[in-house]
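# Fold and geometry: a report
Chain by chain, the residues:
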Amino acid sequence: MTESFLYFLWQYQYVSTTQLVTTDGERLRVVSPGFRNSNAGPDFTNARLLINEVEWAGTVEMHLKTSDWLAHRHQHDRAYDNVILHVVWQDDRPATGRRVDRADGTPMPTLELGPITSRDLFDRYALLAEEKAPIACAGQFRTVQPLRVTAMLDKAMLQRLERKAATVQTIADQTNGDWEEVAYRLLAANMGFKTNAEPMAQLSRAVPLRALLKHRDSITQVEAMLFGTAGLLTDAPPDEYVLTLQREYRFLAAKYQLSGSELASHAWKWGRMRPASFPTLRLAQFARLVTSQASLFSLFVGSADVGILLKTLQQSPSAYWQSHYRFGPSAERVSASLGETSAVNIVVNTVVPLLAAYAHHRGQPAYIDRAIALLEELPAEQNHLTQQWDDLGLGIRTAFDSQAAIELHNEYCLKKKCLDCQVGAWLVRG
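Once a new chain begins, its residue numbering starts again from 1 and follows that chain's sequence as written. This being a predicted model, a pLDDT of at least 70 is required before a residue's local features are given, and a value of 80 or more before pairs of side-chain atoms are given or counted; all residues contribute to the totals for chains, interfaces and linings. Side-chain measures were taken over the full set of non-hydrogen atoms in the model, leaving aside hydrogen atoms and water.

Moving on: empty space enclosed by the protein. Only protein atoms enter the calculation, which uses a 1 Å grid: trapped sets of points that fit a 1.4 Å probe without letting it out are cavities, open sets showing protein on both sides within 12 Å along at least five of seven lines are pockets, and any residue with an atom within 4 Å of a point is a lining residue. Grid points are joined across faces, edges and corners, and a volume is the space filled by probe spheres set on the points. This structure, assessed with the given rule, holds three cavities of 30 Å³ or more. When its volume is computed, the largest cavity comes out at roughly 90 Å³. Lining the largest cavity are Leu128, Ala136, Cys137, Trp389, Leu408, Tyr412, Cys413, Lys417, Cys418, Cys421 and Gly424. By definition, any uninterrupted DSSP run of H or I lasting at least four residues is a helix, any uninterrupted run of E lasting at least two residues is a strand, and each is numbered from the N terminus. The element contributing the most residues to the lining of the largest cavity is helix α17 (residues 399-413), with three residues. When residue character is reported, Ala, Val, Leu, Ile, Met, Phe, Trp, Tyr, Cys and Pro are called nonpolar, Asp, Glu, Lys and Arg charged, and the others, Gly included, polar. Its residues placed into classes, the lining of the largest cavity shows nine nonpolar, one polar and one charged.

Shown next, in the form of C-alpha cells:
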C-alpha cells in the first residue's frame with residue numbers, strides 16, 4: 001500500500017458508497033476533491049466539502065494511518081491549519097488512543113478509505129504494485145485501448161520536452177541569455193555521447209564560443225584551443241601536427257586566458273569504445289562543425305529540412321583526422337565523419353531541446369511544433385528499452401515514439417508510478 005493509491009482513490013472518487021461518513025460519524029459529501037499538490041504542504045488544495053451540511057473549503061491531507069499525522073508533526077505546523085479533512089487508509093486511533101488535532105487544537109475530521117474501497121479495485125492495484133518486471137503492466141499491455149496508449153505517449157513526450165527544455169534554460173541563465181553560447185554548450189555536451197558528455201561540457205565552459213569564432217578561418221587554431229584546454233596535448237606524441245597545436249595553444253591560451261582552465265587528461269574516457277567514438281576524433285569533428293557555421297543557433301533553430309541538417313552535422317574533420325583516431329601513428333581506415341546515427345542523436349538531444357526551450361523563451365509554440373515535427377521525421381532509437389516496448393506491440397517507428405517510450409519507462413515504470421500513467425490507471429479501474 002502506498003499513498004499514491006490514496007491520491008488515486010481520492011482524486012477520482014473511487015469509493016464504493018456515496019454515503020460517506022467520517023470516523024466520528026459526521027456525514028460527508030465531496031463537492032470537489034481539489035487539485036493534487038506536488039509541492040510542500042497538504043496533498044490536495046482547493047477542495048470543497050459538506051460536513052454535516054456545513055460547507056468547508058480548504059486543503060486535504062492523506063496518510064496510510066491516522067497516527068501518521070502526529071508522526072509527521074502536522075499538529076505543530078501552521079501550514080496544515082487549513083486542512084479540512086484527513087483521508088487515511090486505516091484509522092488506527094482506537095489502537096493508539098491519541099486524538100488528531102490541528103495546530104489550534106480543533107479536532108481533525110477523518111475519512112477512512114480502507115473499508116469503503118472495492119476489493120477488486122485494490123486487487124488490480126496490488127497486481128501492478130507487486131509486479132517485479134521492469135514494465136509492471138507488460139502482461140496486460142495488449143488489452144489496453146490503443147487510444148489510451150497514444151494519449152500516454154503524447155503526455156510522456158511533452159513531459160520529456162519540458163524537462164529537457166528546463167535543462168537548456170539553466171544554461172541560458174548561466175550565459176545571460178546568450179543563445180549562441182547555449183547552442184554551442186549543448187552541442188558540445190552531446191558530442192560527448194554520454195561517455196564523455198561531462199568533460200565536453202566542462203570544455204565548452206572553459207573555451208567560450210566567441211574565442212573560437214574569432215579564429216574560424218583557421219581550423220588549426222580552433223583545434224589548438226580545444227585540444228589544449230582539454231588537456232590532451234601535454235602527453236601527445238610530438239609529431240609535426242602536435243607541435244603546431246602546442247605552439248598555437250601557448251599563444252592563444254595567453255591571449256584568451258585559458259591557462260589554468262585545462263582539464264586533466266584522465267577526465268576523458270577511452271575504454272570499451274570504438275575508435276570512431278574516441279574523444280580526440282569527436283573534438284576534431286566538433287571543431288569542424290563550429291568553424292563551418294557562422295551561427296550554430298540559426299542552424300539548429302532555423303533548419304526546416306531535417307535531411308540538410310543531418311548532412312551538415314556529418315562534415316569531415318581536418319586533414320590530420322582523416323587518417324587518425326588519436327594522436328600518434330596513423331590508422332589504415334578511419335571513419336572520420338560523424339555517422340548518421342550520431343547525427344540523429346545530436347538532433348534529438350541538442351536541436352529538439354533547444355527548440356523547446358526557445359519556444360518558452362519567446363512564448364512561441366511554433367518552435368515546439370517544429371521540435372515535434374523533427375522527431376516524427378527521424379528514425380527511432382534502437383536499444384533494449386525500445387525493444388521491450390516493441391515486443392509488447394507498441395510500434396516504435398519514429399524518434400517521437402522511441403523518446404516517448406524511453407520517458408514512459410524511466411519516469412513511470414521504473415518509479416512504479418503506474419497510477420500516474422493512463423495505461424496503469426485504466427488497468428486498475430477495470
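Here the focus is the packing of helix α6 (residues 179-191) against helix α11 (residues 279-292). A packed helix pair is summarised by two numbers, namely the angle formed by the two axes and the spacing between the axes. Throughout, an axis means a line fitted to C-alpha atoms (over the contacting stretch in the case of helices), and angles, computed between N-to-C directions, take values from 0 to 180 degrees. Orientation of α6 relative to α11, taken along the N-to-C sense of each, is 155 degrees, at an axis distance of 10 Å. Compared by their axis directions, α6 and α11 come out roughly antiparallel. The interaxial crossing formed by α6 with α11 has right-handed handedness. From α6, Tyr184, Leu187, Ala188 and Met191 reach across to α11, where they touch Arg282, Gln285, Phe286, Leu289 and Val290. When grouped by side-chain class, the residues that make up the contact of α6 with α11 number seven nonpolar, one polar and one charged. Orientation categories follow fixed angle ranges, with anything under 35 degrees roughly parallel, anything over 145 roughly antiparallel, 65 to 115 roughly perpendicular, and all other angles oblique. Two helices crossing with the near one rotated counterclockwise from the far one by less than a right angle form a left-handed crossing, whereas a clockwise rotation gives a right-handed crossing. Contacts are residue-level and defined by heavy atoms, with any inter-residue pair within 4.5 Å sufficient.

Moving on, we get to the pattern of salt bridges. When charged atoms on two side chains of opposite charge get close, those side chains can pair. Salt bridge, as applied in this entry: a Lys or Arg side-chain nitrogen positioned within 4 Å of an Asp or Glu carboxyl oxygen. Applying the stated criterion to the full structure yields 11 salt bridges. Where Arg93 meets Asp24, a salt bridge forms, and the shortest distance between an N and an O atom there is 3.6 Å. Here Arg93 is found in helix α3 (residues 93-96), whereas its partner Asp24 is found in the loop between β1 (20-21) and β2 (27-32), with 69 residues between them in sequence. Classification of Arg93 by relative accessible area gives buried; the value is 16%. Notably, a salt bridge pairs Glu407 with Arg163, separated by 2.4 Å at the nearest N-O pair. Placement of Glu407 in helix α17 and of Arg163 in helix α5 (residues 146-174) is noted, with a sequence separation of 244 residues between them. By relative accessible area, Glu407 is classed as buried at 0%. Judged by relative accessible area, which is 36%, Arg163 ranks as partly exposed. Overlapping salt bridges bring together Asp24, Asp91 and Arg93 as one network. A simple rule labels every residue: compare its accessible area, found with a 1.4 Å probe on the protein chains alone, to the largest value its type can have, and call it buried under 20%, exposed over 50%, or partly exposed in between.

This part takes up the environment of Ala206. Mapping Ala206 onto the fold places it in helix α7 (residues 197-206). In this structure the C-alpha to C-alpha distance between Ala206 and Ser261, which are 55 residues apart in sequence, comes to 6.1 Å. The contacts of Ala206, once residues within four sequence positions are left out, are Thr229, Leu258 and Ser261.

A word on the layout of surface pockets. Considering only enclosed or pocket space, the largest pocket measures out at about 1,300 Å³ in volume. Around the largest pocket sit 48 residues that line it, and Asn190, Phe193, Lys194, Asn345 and Asn349 are the ones nearest its centre. Broken down by secondary-structure element, the contributors of at least two residues to the lining of the largest pocket are α5, α6, α7, α11, α14 (340-362) and α17. The dominant element in the lining of the largest pocket, judged by the number of residues it contributes, is α14, at eight residues. Residue composition of the lining of the largest pocket, by class: 20 nonpolar, 17 polar and 11 charged. When its volume is computed, the second largest pocket comes out at roughly 310 Å³. Forming the boundary of the second largest pocket are 16 residues, of which Gln11, Tyr12, Lys155, Leu419 and Asp420 lie nearest the centre. Those elements giving two or more residues to the lining of the second largest pocket turn out to be α1 (3-12), α5 and α18 (422-429).

Our next topic: the side chain of Thr110. With respect to the helices and strands, the residue Thr110 is situated in strand β7 (residues 110-112). Among the residues examined, Thr110 registers a relative accessible area of 0% and is labelled buried. For Thr110, the side chain forms a polar contact with the main-chain oxygen of Met108, separated by 3.3 Å. Leaving out residues up to four positions away in the same chain, Thr110 has contacts with Thr22, Thr23, Thr66, Leu85, His86 and Val88. Residues adjacent in sequence count toward polar contacts only when both atoms are side-chain atoms; beyond that, a polar contact is any pair of N or O atoms within 3.5 Å, and within protein one must be able to donate a hydrogen and the other to accept it.

Interpretation note: all reported values are geometric properties and have no functional meaning in isolation.
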